[in-house]
Amino acid sequence: MSSLAPRIVLVTRQTELEHLLAEHATRGQVEFFLKTREQSIDQLQIRHDLQFLAVQKTRQFIPDDWSIAKVDRRNLDRFMFGKNDIIIAIGQDGLVANLAKYLTGQPVIGITPDPEKSEGVLTPLSVDVLPIVLLALRHGKVGFQKRTMVKAHLDDGQTLLALNEVFLGHKSHQSAKYIISINQKKEYQSSSGIIVSTGTGLTGWAKSILTATHREAVVKPHDRKAVFFAREPWPSRVSGTNLSYGAIKEKTNLSVISRMNNGGVIFADGIEQDFLHFNWGSRVEIGLAENTLNLVV
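Definitions and cut-offs
Residues numbered from 1 in each chain as written. Predicted model: local features only at pLDDT ≥ 70, side-chain atom pairs only at ≥ 80, totals over all residues. Heavy atoms only, no water. Salt bridge = Lys/Arg side-chain N within 4 Å of Asp/Glu carboxyl O. Helix = DSSP H or I, 4+ residues; strand = E, 2+ residues; numbered from the N terminus. Buried < 20%, exposed > 50% of the residue type's maximum accessible area, 1.4 Å probe, protein only. Core = buried A, V, L, I, M, F, W, Y, C linked by side-chain atoms within 4.5 Å. Contact = heavy atoms within 4.5 Å. Phe/Tyr/Trp six-rings, centres within 6.5 Å; stacked < 30°, edge-to-face > 60°. Arc of directions from axis to C-beta.

Peer 1: Teacher, can you tell me more about the pattern of salt bridges here?
Peer 2: When their charged atoms lie close together, side chains carrying opposite charge are able to pair. Summed over the entire model, instances satisfying the criterion amount to nine salt bridges. Of the charged contacts, one joins Asp85 and Arg7 as a salt bridge, the two residues approaching to 2.8 Å between their closest N and O atoms. Separated by 78 residues along the polypeptide, Asp85 in strand 3 (residues 85-90) and Arg7 in strand 1 (residues 7-12) bring together distant segments of the chain. With a relative accessible area of 23%, Arg7 lands in the partly exposed category. A salt bridge links Arg283 to Glu285; the nearest nitrogen and oxygen atoms lie 3.2 Å apart. The exposure class of Arg283 is partly exposed, given its relative accessible area of 35%. Relative accessible area serves as the criterion here: at 25%, Glu285 is assigned to the partly exposed category.

Here's what the structure looks like:
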């Protein structure tokens, strides 16, 4: 770490209760809305309170000579992270995946507000251990998991980074049509899209897809490796299924050329709103990114 006092950046997202209050204006209207759907506000309040408490405790544990900034997930694309920042993500695992592509090696501490119900993949720590973690960081005695990321690079120069996975396909339920090639093998395919997943991603969306297709992939989060698979590839006279699954390693890119007239998209980590257009003739290269997520353990 730099000799300068670091800046702590607290990253959070709206709780479910905050989202509903923003949508319905008052607590009474939220309660009425939930009641008409045979739901209660009580569990939402509990989760909201746990999040609020975790944020308050975090602020109390930060050394007085360190500065603090706070950013909501919705504003990550407009926030300027600095080299001397320490990122504390407070929430569910997906929050860390959402912010990873905006970082350039800064340490990330993942805090769960509710340790009993968290999967703990990317937010494994309780807020109560934060003083110990920050002290270790101050003295350079903390360990990191350098989690592999993948990068999609379009032929027009646009790029997209992902910690979990990159999805390539059609924005609707139409078939995605494309030419896929890797290791000097090439195939025209029609499918529900392609997933390129890291070891981290194999604990999420990719895991459910692999389970449904009875496939297995053993990739650790820090392995310099990713896997790709086509979702429901359709065998026909012109489309094949031979390149429906495989590995991406160092200096090995997956190349895909779009054959979709319109509606083709590429997005990362489940954020469909942040996408690249991938229409007929566009070419994308997907491989391992130089960036890694430096998760504090």
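Peer 1: Sorry, what's going on with the nonpolar core here?
Peer 2: Most often, soluble globular proteins keep nonpolar side chains buried together rather than apart. Ranked by internal contacts, the top residues of the largest apolar core, which has 28 residues, are Val196, Leu254, Val256, Ile266 and Val284. Ranked by residues supplied to this core, first place goes to strand 8 (residues 176-182) with four residues. Dropping the residues within four chain positions of it, Ile266 is found in contact with Ala152, Leu154, Leu160, Val166, Phe167, Leu168, Asp274, Phe275, Leu276, Phe278 and Val284. Ranked by size, the runner-up nonpolar core spans 23 residues in total, among them Ala69, Phe79, Phe81 and Val96.

Peer 1: In this structure, what is going on with the packing of aromatic side chains? I would like to understand it.
Peer 2: The geometry of an aromatic ring pair comes down to the distance between the two centres and the angle between the two planes. Applying the stated rule across the entire model yields three aromatic pairs. Taking the centre distance of 4.8 Å and the plane angle of 70 degrees together, the rings of Phe79 and Phe81 count as edge-to-face. Take Phe79 and Phe81: they sit in the same class, and that class is buried. Between Phe167 and Trp205, the aromatic rings sit 5.9 Å apart at their centres with planes inclined by 40 degrees, giving tilted as the arrangement. Here Phe167 is found in strand 7 (residues 165-170), whereas its partner Trp205 is found in helix 6 (residues 205-212), with 38 residues between them in sequence.

Peer 1: How should I be thinking about helix 6 in this particular structure?
Peer 2: Because each turn of an α-helix spans 3.6 residues, side chains separated by three or four positions in sequence point in the same direction. Within helix 6, burial applies to Ala206, Ile209 and Leu210. Summarising the axial view, the buried residues of helix 6 lie within an arc of 100 degrees, below the 170-degree limit, and thus occupy one face. Turned more than 90 degrees away from the buried face of helix 6 sit Thr211 and Ala212, all of them exposed. Buried residues along helix 6 sit against strand 10 (194-197), strand 11 (225-230) and strand 12 (245-249). Immediately downstream of helix 6, the backbone of His214 shows phi near 60 degrees, a positive value.

Peer 1: I would appreciate a short explanation of unusual backbone geometry in the present structure.
Peer 2: If a residue is not glycine, its phi is most likely negative; likewise, a peptide bond is most likely trans. Here the phi dihedral of Asn183 falls at roughly 50 degrees; this positive angle occurs in a residue that is not glycine. With respect to the helices, strands and loops of the structure, Asn183 is situated in the loop between strand 8 and strand 9 (185-191). In this structure, Gln184 is a non-glycine residue whose phi angle is positive, near 65 degrees. Structurally, the position occupied by Gln184 is in the loop between strand 8 and strand 9.

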